[in-house]
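Next come the chains, spelled out residue by residue.
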Amino acid sequence: MEIKYTLSNRVSVLIYRESDGRYLLVNNDDKGWWIPSKEIPISACLKTAAQTLASETLGTNLSLQGMLQIEVVSVGDQQQLHVVFLTNPVPKIAQIEKKNNHLWLSLDEMKLSAKEDPSSLLGLEPIEIINKLDKGYVPTPLAALGDFRPEYFGLVDSTHMSPQDELVKAARFSKEAQDALFWEFCEQCSPSTSMIYTVFKSFMQNKGIPLENAGKYFRAFDINKTKRLSYTEVLLGLAAMEPCTPHGGIPAELRCRYIFRYYDTDNDDNLQFSEFREMVKDIRKGKDLNLDEDEIDKDAATNASIFGRTTNDNFPLGDFLQTVGQLKFRGTSSLFRMPHSSVNKKSKTNGTFKLPTGSSAKKRRSDFEPTKTDGVNMPSSPLGTPGLKSTNENQYELATHTVKVKRTGAFSDVMALWDLQGTAAMTTSTIDAEKEKSRFQRIQSMDTFNQKSHPNEMLTGLKYFERPVKQNGEFTKVLKHFCYHEFCVIRVLNQNKLSLYTAQDAFSWGAVDMHALARCLLVVCREVKIILSEESRLLKLQSPTYILGDIHGNYRDLVCFEKSLWRMGPMLTPASFLFLGDYVDRGDHGVEVVAYLLAQKLLVPSKFYLLRGNHELRSVQNMFQFKQ
């Protein structure tokens, strides 16, 4: 007959009341009086469980002082631990809940009770333990009870997951996978609980990483720059390298931080041009491009200009994150990747281990896909920027911008979160504006509300285009309202001849410098071309999605759609928009329609989708007026 034993650990607490020198006994399931005790899962932390037991028993916080006894119960090849803890004395002024199953007795009263009624006490162990204390026994310090166990990430679905949880969940590391990695970490590092570089080299070599690159990976994993790695640092680093981890959203931000440290050889949080050049070289290698040194130099210099840098400048981490997040610097999705999953198919914890389904790397459409989240997770993180702490246990998010919505549905008075510091609207701790601006989940909001960006400049000019102006005074007022900087697309031809333009019809450019408008439109076209070229030819959209048919240069209809469907802008509208093509020809304002749609696509590429109709072909346009 085979008997299966299901064992658990047990913790007990000896609680002493300072006011009268008595100890607390509880009635254990009506079997007899004993000190508070509780069974706990094998995987539970002994000290934490004992602390919780003491506090829950008394109804007040009570800390532990030390350990009094450790007992090992063996059954076959399995073992159970029973640890008895001593709490700090209950203060005289403590408010203790009175419960029917509580009994406070002194040592002498326990001895008398056991003598008169042997069945009153479940066992004599409390008397034996207290006797030892009276004879001068010193409890073993809590620090002597080492408790090295894995911290699990990404196993619970929550709207307020930490960045680490998001990363591990994206890597599809199940609890079994994390257990397997923890066991492997312990085997490599034993008897230590941290990993030094020598051990790390062997650890990574077993996972297919060349020895010559081990130093770069160690630097990337070493978040706290201690020259040794904890299990958590190894787990998060492997999650960032997993082939299936998407290069979008919060995981992309954390991956980019790892990539940055990988190439930052002097670990000064700045990439020198030579270090940046190595990154560009590896991107070209991943794309099977020519690795000629001159070509690499030219490519690196071109990409440096995207950051606003020259070959003599450094590249700060914040600028790197922001530029990658804005899709201006491409190719990082192929960097910092494992050749295969880092989780072994065999695990000594349970014999066999199955990888999560779908763990193979998938081809990604873009290096960064903007997320819908436009806030900050409040818990601080060693990987991300420190968050704002809430005053209670509930986690919350602060949006990047505040806006004032008019009765018409249009919004105004846009203010960024960091602009509110020092006002009555901001009551939390100080925000590091520079770090917050570099967070990926804030970039889309910053781009959308940046009135000096090219797409917003184009939309501003189109607002001017659709409004009528009846007299010179109103023209000047409108001009000042829409002009934000010297490159504004609605710059008038000659400010000295402004009095000549006393009126302007709706849907007319009036005195605008059309060359400035053309330059802005060309920039928008170049930037949106990158986004469109990365999209699949077969779009997969989710509801709610508005589908709009042929516009054919009818800008008035487009304005009506805007006022009816996305008056506050596509980003603040809980829906996506699909346009079926045929944007030009027949109508009078094909250029303006195209300019509007491309500008919106550039601002919210994940919500504005444009199909190509037959009127987007040159051969068809030759028969109509748009080409002219």
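Heads up: the structure comes first, above all this text.
Residues numbered from 1 in each chain as written. Predicted model: local features only at pLDDT ≥ 70, side-chain atom pairs only at ≥ 80, totals over all residues. Heavy atoms only, no water.

Right, let's get into the sheet that holds strand 15 (residues 545-548). Sheet architecture is open: three strands sit in the order 15-16-17, paired in parallel fashion. Edge positions in the sheet fall to strand 15 and strand 17 (608-610), since each of these pairs with one other strand and no more. Within this sheet the neighbouring strands show an average axis-to-axis angle of 15°, counted without direction. Pairing of strand 16 (residues 576-579) with strand 17, which is carried by three bridges, proceeds in the parallel orientation. Pairing of phenylalanine 579 across the sheet is with leucine 610, part of strand 17. Its contacts with the sheet put helix 19 (residues 590-603) on strand 16 and strand 17, and the angle it makes with strand 17 is roughly 130°. (Pairing = 2+ DSSP bridges. Helix = DSSP H or I, 4+ residues; strand = E, 2+ residues; numbered from the N terminus. Axes fitted to C-alpha atoms, helices over the stretch in contact; angles between N-to-C directions. Contact = heavy atoms within 4.5 Å.)

Further remarks concern the pattern of salt bridges. One pass over the structure, following the stated rule, counts 15 salt bridges. Notably, a salt bridge pairs aspartate 297 with arginine 277, separated by 2.5 Å at the nearest N-O pair. Of this pair, aspartate 297 sits in helix 11 (residues 293-306) while arginine 277 sits in helix 10 (residues 273-286), placing them 20 residues apart in sequence. Look at aspartate 297 and you get partly exposed, because its relative accessible area is 34%. With a relative accessible area of 12%, arginine 277 lands in the buried category. For aspartate 299, the salt bridge identified is with arginine 284, shortest N-O distance 3.0 Å. Of this pair, aspartate 299 sits in helix 11 while arginine 284 sits in helix 10, placing them 15 residues apart in sequence. (Salt bridge = Lys/Arg side-chain N within 4 Å of Asp/Glu carboxyl O. Buried < 20%, exposed > 50% of the residue type's maximum accessible area, 1.4 Å probe, protein only.)

So, on to the nonpolar core. Within soluble globular proteins, side chains that are nonpolar generally end up buried alongside one another. If you look at the biggest cluster of nonpolar residues, it comprises 55 residues, and the most contacted ones within it are Phe173 and Phe336. What phenylalanine 336 contacts, discounting residues up to four positions off in sequence, is Tyr217, Ala220, Phe221, Gly237, Ala240, Met241, Arg255, Tyr258, Ile259 and Tyr262. One finds Leu327, Leu462, Val524 and Ile531 within the second-largest nonpolar core, a separate group that totals 37 residues. (Core = buried A, V, L, I, M, F, W, Y, C linked by side-chain atoms within 4.5 Å.)

With that settled, consider the packing of aromatic side chains. In the structure shown here, the tally under the stated rule is 29 aromatic pairs. Relative to tyrosine 231, the ring of phenylalanine 185 lies with its centre 5.7 Å away and its plane at 70°, an arrangement referred to as edge-to-face. Here phenylalanine 185 is found in helix 5 (residues 175-189), whereas its partner tyrosine 231 is found in helix 8 (residues 231-241), with 46 residues between them in sequence. Neither phenylalanine 185 nor tyrosine 231 differs from the other in exposure class; each is buried. When the ring of phenylalanine 276 is compared with that of phenylalanine 329, the centres are 5.4 Å apart and the planes differ by 40°; the resulting orientation is tilted. Taken as a pair, phenylalanine 276 in helix 10 and phenylalanine 329 in the loop between helix 12 (317-325) and strand 11 (346-347) lie far apart in primary sequence, 53 residues in all. The pair phenylalanine 276 / phenylalanine 329 is uniform in exposure class, with both members buried. Clustering of aromatic rings is evident, with ring pairs tying together Tyr197, Phe200, Tyr217, Phe218, Phe221, Tyr258, Tyr262, Tyr263 and Phe336. Taking the ring centre of tryptophan 104 as reference, the NZ or CZ of arginine 17 above it sits at 4.4 Å. (Phe/Tyr/Trp six-rings, centres within 6.5 Å; stacked < 30°, edge-to-face > 60°. Lys NZ or Arg CZ within 6 Å of the ring centre and 35° of its normal.)

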